Amino acid sequence: AIPTHIKHILNYMSKINVKTEVRGEDIFVPGGQELICKPNVKGDLDKINDQPWPSGFPVDLIPQMVVLAAKAKGNIRIHSIMYETQLLGFVEELKKMRAKVELADTVRIFTFGPSEFKGATVVAPNVLQCVHAILLTALAANGVTVLKNAEMLIRRYPDLIYKLNKLGARIEKI
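Residues numbered from 1 in each chain as written. Predicted model: local features only at pLDDT ≥ 70, side-chain atom pairs only at ≥ 80, totals over all residues. Heavy atoms only, no water.

Help me out: how do you make sense of the nonpolar core in this one?
What tends to happen in soluble globular proteins is that the nonpolar side chains get buried as a cluster. Formed by 39 residues in total, the largest nonpolar core has its most connected members in I48, V66, I78, F90, L94 and V101. Elements that contribute at least two residues to this core include exactly α1 (7–14), α2 (62–71), β4 (74–79), α3 (87–96) and α4 (128–140). Ignoring any residue separated from it by four or fewer positions in sequence, one finds I48 in contact with Y12, K15, I16, F57, I62, M65, I76, R77, I78 and H79. Core analysis: the next-biggest nonpolar cluster, separate from the first, contains eight residues, A124, L128, L153 and L160 among them. (Core = buried A, V, L, I, M, F, W, Y, C linked by side-chain atoms within 4.5 Å. Buried < 20%, exposed > 50% of the residue type's maximum accessible area, 1.4 Å probe, protein only. Helix = DSSP H or I, 4+ residues; strand = E, 2+ residues; numbered from the N terminus. Contact = heavy atoms within 4.5 Å.)

Is there a simple way to explain the pattern of salt bridges in this structure?
Close approach of charged atoms allows side chains with opposite charge to pair. Tallying each qualifying case throughout the model produces seven salt bridges. Residue K71 pairs with E116 through a salt bridge whose shortest N-O separation is 3.8 Å. A residue pair is termed long-range when its members are at least 10 positions apart, and K71 in helix α2 and E116 in the loop between β6 (108–113) and β7 (121–123) qualify at 45 residues. A residue is classified by how much of its surface remains accessible, and E116, at 54% relative accessible area, is exposed. Close ionic contact of R108 with D105 constitutes a salt bridge, the shortest N to O distance being 2.9 Å. (Salt bridge = Lys/Arg side-chain N within 4 Å of Asp/Glu carboxyl O.)

It is not clear to me how the sheet that holds strand β3 (residues 47–49) should be interpreted in this structure. Could you clarify?
Strands belonging to one sheet form pairs held by backbone hydrogen bonds; the direction of such a pair is parallel or antiparallel. Taken in spatial order, the four strands of this open sheet run β3-β4-β6-β5, and their pairing is mixed. Of all strands in the sheet, those with a lone pairing partner are β3 and β5 (101–105), marking the two edges. Strand-to-strand twist across the sheet, computed as the mean angle between neighbouring axes with direction ignored, equals 20°. Relative to β6, β4 is paired through six bridges, and the arrangement is antiparallel. Paired with I78 across the strands is I109, a residue of β6. Its contacts with the sheet place α2 against β3, β4, β5 and β6, and it is angled at close to 170° to β4. (Pairing = 2+ DSSP bridges. Axes fitted to C-alpha atoms, helices over the stretch in contact; angles between N-to-C directions.)

Shown next, in the form of structure tokens:
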């Protein structure tokens, strides 16, 4: 990714205390960071909201930010006006994995972290980005997760299991 192209993403990630280092055309995210949902400048609960890309935060990353925010200490609001009802099933599957998240309505999610994700049997939502975020949750969870109906993820990313296993994950297709 080119840092100037994703400055909005990096700004939003700083709301969860994710620090990044830009070195030329590369972006580094140091490990071992403490994830904390920071209050806004008024001291209120901050929010992450999707806006048309490239001037705002991309809707395609909202599910991943929900997972990241759920892992962080503290609370944050996540508004996704572009997803409408697609987040309903996603949030329910996250809750099966002990994510501390609540759906206020079809477009607003509140996180109450930190969540300690636990493996569970979950069903892949019908939105690719949500399935990807469920997979990330499973990788961060203690225990075994069974992700049912994940065919769309495998079709879109046929080498994903191989690549994640190469990085140290233990994933098998059953």
